[in-house]
Amino acid sequence: MGLKGQAAIVGAAQYKPEKYSTAPQMFHLEQVADLAARALADAGLKASDIDGLCINGPHFHEASSFVPAMAAEYLGIGVNFAEVVDLGGTTAVGMIWRAAAAIELGICQAVLCVIPQRMAPFGPDDDPSAMARAMRFGGHSTQYGAPEAEFDLPYGHMGQNTGYAMIAQRYAAQYGYDQSAMAKIAVDQRTSAQAHPDAIFRGQTLSIDDVLNSRMVADPLHVLEIVMPVAGGAAVIVASRELAERSKGRPAFVTGFGERLGYKSPSYAQDMTETPLAAAARTAFAMAGATPADMHAAQVYDCYTITVLLSLEDAGFCAKGEGMRFVMENDLTFKGNFPMNTHGGQLSFGQAGSAGGFSQVVEAYQQIAGKAGDRQLRVCDQVFVSGTGGVMSEQGVLILQGA
Amino acid sequence: MSNKPMPLATPISAPFWNGLKEGRVQLQQCNSCQQWTFYPRRHCSHCLSHDLSWKEVSGAGTLYTFTVARIPTLPEFAGAEPQILAVVELEQGVRMNTTLVGLAPDDIRVGMAVKPVRARVSEDGTVLLRYTGADVDLVERDEVPKAPPAPAADAGPARTRIDVKDIDALKALVSDQFSDWSNQILVDQALIDDFARLSGDDYWIHTDPERARKEGPFGGTIAHGALVQVLMSRMQVPLSFEVTGFTNMVNYGSERLRFPSPVPAGSLLHSRVRVKSVEVLPRGTQMIMEFNIHVVGQDRPAVINDLVILYM
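What you see is a predicted model; the values in this text were computed from it and never measured.

1. Some details on the interface of chain B and chain A
(1) Moving on: At the junction of the two partners, chain B supplies 28 residues and chain A supplies 27 residues.
(2) Moving on: Elements with a minimum of two residues in the side of chain B that touches chain A: β4 (61-69), β5 (83-90) and β6 (95-99) of chain B.
(3) Moving on: In terms of residue count, the dominant contributor to the side of chain B that touches chain A is β4 of chain B (six residues).
(4) Moving on: Its residues assigned to classes, the side of chain B that touches chain A comprises 16 nonpolar, 10 polar and two charged.

2. Overview of the sheet that holds strand β1 (residues 25-30) of chain B
Residue and element names in this part refer to chain B.
(1) Moving on: One open sheet holds the three strands; their spatial order is β2-β1-β3, and the pairing between them is antiparallel. Every other strand in the sheet has two partners, leaving β2 (36-37) and β3 (52-57) as the edge strands with one partner each.
(2) Moving on: Pairing of β1 with β3, which is carried by six bridges, proceeds in the antiparallel orientation. Within β3, the position partnered with glutamine 26 by the bridge is glutamate 56.
(3) Moving on: Each of β1 and β3 touches helix α1 (residues 14-21); the most contacted strand, β1, lies at about 150° to it.

3. Digging into the confidence of the model for chain B
(1) Moving on: Mean pLDDT over chain B works out to 92, with 97% of the residues at or above the 70 mark.
(2) Moving on: The complex prediction reports pTM at 0.84, with the ipTM value standing at 0.95.

4. Quick look at unusual backbone geometry
(1) Moving on: Proline 220 of chain A follows aspartate 219 of chain A through a cis peptide bond whose omega is 5°.
(2) Moving on: Structurally, proline 220 of chain A can be placed in the loop between β5 (216-218) and β6 (221-222).
(3) Moving on: Residue tyrosine 39 of chain B is bonded to the preceding phenylalanine 38 of chain B through a cis peptide linkage, with omega at -5°.
(4) Moving on: With respect to the secondary-structure elements, tyrosine 39 of chain B resides in the loop between β2 and β3.
(5) Moving on: Phi is positive for phenylalanine 66 of chain A, close to 60°, though the residue is something other than glycine.
(6) Moving on: Among the structural elements, phenylalanine 66 of chain A can be located in the loop between β2 (52-56) and α2 (67-75).
(7) Moving on: Phenylalanine 66 of chain A gets classed as exposed once you count the C-beta atoms within 10 Å, which come to 11.
(8) Moving on: A positive phi angle, near 50°, is found at asparagine 341 of chain A, a position not held by glycine.
(9) Moving on: Mapped onto the elements of the fold, asparagine 341 of chain A is located in the loop between α12 (323-329) and α13 (345-349).

5. Thoughts on helix α14 (residues 356-369) of chain A
(1) Moving on: Helix length check: α14 of chain A, at 14 residues, gives a terminal C-alpha distance of 20 Å against a target of 20 Å (1.5 Å per residue), a fit within 8%.
(2) Moving on: The positive-phi residue at the C-terminal boundary of α14 of chain A is glycine 370 of chain A, with phi of around 75°.

6. What to know about the UniProt feature "domain: Thiolase C-terminal" (unreviewed entry) in chain A
(1) Moving on: As annotated in UniProt, the feature "domain: Thiolase C-terminal" (unreviewed entry) corresponds to residues 265-401 of chain A in the numbering used here.
(2) Moving on: Annotation note: span residues 265-401 of chain A, helix share 36%, strand share 14%, distance between end C-alpha atoms 34 Å.

7. Regarding the packing of helix α1 (residues 28-43) of chain A against α2 of chain A
All names here are of chain A.
(1) Moving on: The contact between α1 and α2 brings their axes to 10 Å, and the two run at 60°. Considering their axes alone, α1 and α2 lie oblique with respect to each other. For the element pair α1 and α2, the recorded crossing hand is right-handed. Here α1 contributes Leu29, Val32, Ala33 and Ala36 to the contact with α2, which in turn contributes Met70, Ala71, Tyr74 and Leu75.
(2) Moving on: Among the residues making up the contact of α1 with α2, the classes are represented as eight nonpolar, no polar and no charged.

8. As for the packing of helix α3 (residues 91-104) of chain A against α14 of chain A
Residue and element names in this part refer to chain A.
(1) Moving on: Taken N-terminus to C-terminus, the directions of α3 and α14 make an angle of 55°; their axes are 7 Å apart at the nearest point. Regarding the angle of α3 to α14, the classification is oblique. Touching Thr91, Ala92, Val93 and Ile96 of α3 are Gly357, Phe358 and Val361, all from α14.
(2) Moving on: Split by residue class, the contact of α3 with α14 holds five nonpolar, two polar and no charged.

About the thresholds
- Residues numbered from 1 in each chain as written.
- Chains lettered and ligands numbered in written order.
- Predicted model: local features only at pLDDT ≥ 70, side-chain atom pairs only at ≥ 80, totals over all residues.
- Contact = placed C-beta atoms within 7 Å.
- Helix = DSSP H or I, 4+ residues; strand = E, 2+ residues; numbered from the N terminus.
- Nonpolar A, V, L, I, M, F, W, Y, C, P; charged D, E, K, R; others polar.
- Pairing = 2+ DSSP bridges.
- Axes fitted to C-alpha atoms, helices over the stretch in contact; angles between N-to-C directions.
- pLDDT = per-residue confidence, 0-100.
- Buried ≥ 20, exposed ≤ 12 C-beta atoms within 10 Å, placed from the backbone.
- Expected span 1.5 Å × (residues − 1).
- UniProt positions renumbered as here; feature names shortened; annotations may be inferred.
- Parallel < 35°, antiparallel > 145°, perpendicular 65-115°, else oblique.
- Left-handed = near helix turned anticlockwise from the far one by under 90°.

Structure follows, in structure tokens:
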């Protein structure tokens, strides 16, 4: 079942994360074209090679429907495969496997996967406060008939912070909790970020005490355990084996994937501490014929420290309930024995909206391709990548393998 | 009414909300597989059967998890009590998102027994299902916004007296820093209706709650900007100074008057002020005071009024 490993990531581009207030403003279509050109240049391929498109639908600025057609027209390309992916933080992971599957089906040879996340310029009639109104309820629907509008928002259940905090609190009650271990996740990632030229927190190191002394946002989560939203955006080119051989770097073949979702509010999970990633990772490892111990690096979606902890456990890098001890006993930096989020993770690299999940995909590719500069791992052939959307409600896994 | 999000019942969920108004907690049970479903649906969330019955339950359960939101999830949720979000697992096995009341954060434990608290949150009778400890003496409470008491006449800090001829001292008052907040006042529909009659501005967005809810952009009626502006007179701002020694003090009008954000009916308002400029002009000493009126909990002002005061 699944992929045969005949499609590979062959190129990537990612805007340097910047504060929204100072980042350039560009139309989303313009960013799509710009990111595509950069990713193609990275791959050594040309625009006419692209015949597939995965793009974000939600929050696309110039349209809320017909997004792929508008983007293809703007790019001046025709495609045999067009997909809007709407999976929050696991959109990037979802795009990569869909692209690989389409290529293995033989319907296309090179798929542009892209999410623009810089702000678009305001038009003369645009109301800047409209965005504030839209942001008021975070990612929640206020539509009549939406269950969350009726049963969550009136109680103040909104945004992500409190949802993840409640998962952490439940975990603490079931398995115990070591604040220092949670802080160490952020600290080790911050150490790696010092070796990434684009990381938003490059130049600012962090200690466990810094994390524990930072403001408590929602017990037990401190502000330094929570990602900072930034402007950015990314594109990745997934190509067939034939095209990959023509591309200029070392390709990262997609040998396994998994995806799992079943609720939006984790309150309705069977067990809040058993994440959907468990099933996704089992599928992905089985498909790739690999085990967690085979991985040379793990790029784990990290909107919060608790996301990382549960992902490590549920992917099988350690046993359930052992995550805190695992974090304390291992060096998670790019120099360590368990290299994880070697770009700093989104916690230290920055989270560019739903393109944030691309930071893990791009880092996995760059490590395999030998493009990771100062933070390059000596040996990196096989990498685990995860994505998490919503409040640990939609999750995906990729296994990437160097040629 | 307030600008907190309120549940809008659908034909599917109405029995749940109506039951709460009448003092009952009701859940749907499947007649095919006997499992319970929450939130309300047209089908069983276990077997997709459409054969469901509403059953009254005690509402009792255990605390599945919780968190104390140290930063309120919306400004409107800031208040005297901490915002404690929770997930409760009822005896029937379903879970609900809710909030805990009547409990100190340190007394809350995952797994503790909890019981429902009916919280009346709106004049229209809407009841939310909050929770508290099983042994806490609390079954219902009234959370409908009420007009706060007027402040005592001598409330506020001691004021430094500054003679109007002491221009340096007056100029030293100029600051970017605003004063502390005034007392709070409630803007309800009755007050808005009174102002509509007085002013003749009876546009539906102010006076027709039903139409404003359906057609307006704010989910309900809003107060007239002009009304909110004059309500300044009901708010006592704790000023740190008092100007003395003048023959006459004139309200010379406004240098700038803006209504940057709407004031929904049912809002609590408060205000604060800063001295923006002091100038000696041929007609007298002119002080511009920037009054900002805010809906309580909102960063963006509802009214900005640069009031010009002439001391002669």
